[in-house]
Every structure is written in structure tokens, then in C-alpha cells.
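A look at the structure
Listed below, chain by chain, are the residues.
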Amino acid sequence: MGNKIPIRLRKEPLIEAVWEIRFTSTKPSVVDLLPGIMFPALKDKYPNIVRLPAADIPAPIVEHDPKLRYVPKIRLEGGNQAVQIGEHVVSLSCRRPYSGWKTFSKGIRTVITIIRDTGLIDRLKRFSLKYIDLIELNQPPSLSCLNLEIKMGGYKIDTRPVQLRTEIKEGDIIHIIQIVSPAEASIPGESGRFLGVLLDIDSIRPMKENESWPDVESHLDDVHLSSKKMFFDLLTPETIAKLEPEYEEGQS
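The structure reproduced in this document is the subject of the present report. Keep in mind that what you see is a predicted model, and the values were worked out from it rather than measured.

Another aspect to go through is the environment of Ala 59. In this structure, Ala 59 sits in helix 2 (residues 59-64). Along the chain, Ala 59 and Lys 102 lie 43 residues apart, while their C-alpha atoms are 37 Å from each other.

Written as C-alpha cells, this is what we have:
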């Protein structure tokens with residue numbers, strides 16, 4: 001714990017960043033209304049409309065299946081970013097190359113304003129920031145890049161295949177952390193496949209009964225900072241150095 005936090009990494013391991021808001025509404029068929037309202041405000045940046053497979057699942061089935069309730073049905077695409085819309089969920093994603101928090105958070109706040117002004121949302125359930133990174137420093141992939149050591153029956157789990165999921169609560173934020181090694185990924189716009197250790201951190205901020213849109217915006221930076229701290233705490237100092245960190249001027 002306590003690693004210095006860089007402002008950026010020259011060797012960026014990020015695959016995708018996703019902001020998501022979950023909600024309920026007394027209005028029927030929100031997913032049929034939201035895309036038509038949101039598209040005119042977003043069409044310059046997200047000009048392509050994609051109907052996702054879940055759009056063909058009947059609404060009664062979606063409502064009664066927890067696994068389907070928050071699955072998006074419509075995607076608005078533009079470049080390496082996309083807005084996804086479901087009956088109880090809206091998300092904004094950014095694939096590599098990551099635009100940086102200043103730009104990404106500005107996009108999030110734009111989406112928040114548009115959803116809020118529709119008047120279709122009655123109750124906010126939670127919002128989250130998810131960062132998916134693939135660390136490719138060692139071949140074969142090894143958990144030695146992480147601030148983590150696992151033993152089972154005297155066997156050290158290092159280059160052996162592993163899938164790990166755990167939850168860490170930090171104040172009002174719940175971090176769901178998933179680690180997969182080895183993990184293989186393909187990245188749109190980049191040739192070949194990439195092999196490494198997958199580090200997936202989903203930082204969730206549940207909403208209280210009396211909280212609404214202003215609270216999402218006021219806590220957005222807090223959740224981002226908490227997620228960023230968690231990420232760097234999970235890396236060894238050697239790994240951080242190999243990723244070529246840049247620090248604020250004067251940071252010791």
C-alpha cells in the first residue's frame with residue numbers, strides 16, 4: 001500500500017474504461033424512449049446506432065431475470081467510445097487509447113445531463129467505474145507483476161493458470177477485483193492478440209435513498225481516485241517502473 005500515484009503511464013496497459021449508472025423508472029419501456037431522446041444530443045460524437053442481441057429478448061423475461069435486467073440493448077458508437085442503453089442502465093465506455101480522466105469524465109457528465117433532463121429516471125441505484133487492464137510485461141504471464149502471492153497446498157501460484165475474484169469495501173465504495181492469468185485479448189484497431197495478466201477493477205458506489213444526480217457528479221472524482229489508488233496498490237514498484245510512470249512536477 002502507499003505507492004506514489006502517477007498522473008499517467010507511458011506504457012498504458014488499459015484495454016477499456018467503463019462508467020455505468022443503474023436506475024429504476026415508473027415509466028414503461030424506458031429503453032424504447034431513451035435512445036431517441038439521447039441521439040440528437042450525441043449524434044456528432046456517436047453517429048452510429050447498433051441494435052444489440054438483448055434487444056430481441058421480450059421485456060417480461062428481462063424484468064424477471066436478474067442476469068438480463070442490466071444488459072444494454074442499444075449502442076451509440078463513435079471512434080473508440082460508445083454509449084450503451086438498457087431498460088435500467090446507461091454506460092459510457094472508452095477503449096484504448098484512453099482519453100484520460102479529464103476528457104472521459106467530461107463525457108460522463110455530458111451523458112448524465114442528458115439522462116437527467118429526460119425526466120424518465122425515478123430512482124438511482126448505483127454508479128460505477130470499471131477499468132480493465134492487461135499487463136504484458138512477463139512472458140509467460142506471471143502474477144509476480146502484482147502485489148499478490150498465492151499458495152495452495154504448498155504450491156506457489158505464479159505462472160500457473162488462475163482466476164481470482166474478490167471484493168474490498170472502502171468507505172461507501174465496493175471494489176470488485178478480478179484477476180485472470182494467463183489472459184488473451186484482441187483490441188479493435190490493433191493487429192494481433194495480446195497475452196498477459198488481466199486486472200479488472202469495478203468500483204461501485206451504491207446510491208442512498210435521498211441521493212440523486214448531483215450526488216453522482218459530486219462523488220465521481222472520489223470514485224475515480226479510489227479506483228486509481230487500488231490499481232497502483234495492486235502493482236509492485238517494479239511493475240510500475242516498467243510501465244514508465246509520469247508524476248506531477250515536484251512529487252516525491
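From this point on, the discussion continues.
A word on the packing of aromatic side chains. Across all of its chains, the model carries four aromatic pairs by this definition. Between Tyr 98 and Phe 104 the ring centres are 5.9 Å apart and the planes differ by 70°, which places this aromatic pair in the edge-to-face class. The rings of Tyr 98, Trp 101, Phe 104 and Tyr 131 are connected pair by pair, giving a single aromatic cluster. The positively charged end of Arg 22 is found above the aromatic ring belonging to Tyr 70, 4.3 Å away from the centroid.

Moving on, we come to the packing of helix 1 (residues 30-42) against helix 3 (residues 101-118). Helix 3 packs onto helix 1 with a crossing angle of 135° between their chain directions and a minimal axis gap of 10 Å. Classified by the angle their axes make, helix 1 and helix 3 are oblique. The handedness of the crossing between helix 1 and helix 3 is right-handed. From helix 1, Leu 34, Ile 37, Met 38, Ala 41 and Leu 42 reach across to helix 3, where they touch Thr 110, Val 111, Ile 114, Ile 115 and Thr 118. The residue makeup of the contact of helix 1 with helix 3, split by class, is eight nonpolar, two polar and no charged.

The rules we used
Residues numbered from 1 in each chain as written. Predicted model: local features only at pLDDT ≥ 70, side-chain atom pairs only at ≥ 80, totals over all residues. Heavy atoms only, no water. Helix = DSSP H or I, 4+ residues; strand = E, 2+ residues; numbered from the N terminus. Phe/Tyr/Trp six-rings, centres within 6.5 Å; stacked < 30°, edge-to-face > 60°. Lys NZ or Arg CZ within 6 Å of the ring centre and 35° of its normal. Axes fitted to C-alpha atoms, helices over the stretch in contact; angles between N-to-C directions. Parallel < 35°, antiparallel > 145°, perpendicular 65-115°, else oblique. Left-handed = near helix turned anticlockwise from the far one by under 90°. Contact = heavy atoms within 4.5 Å. Nonpolar A, V, L, I, M, F, W, Y, C, P; charged D, E, K, R; others polar.

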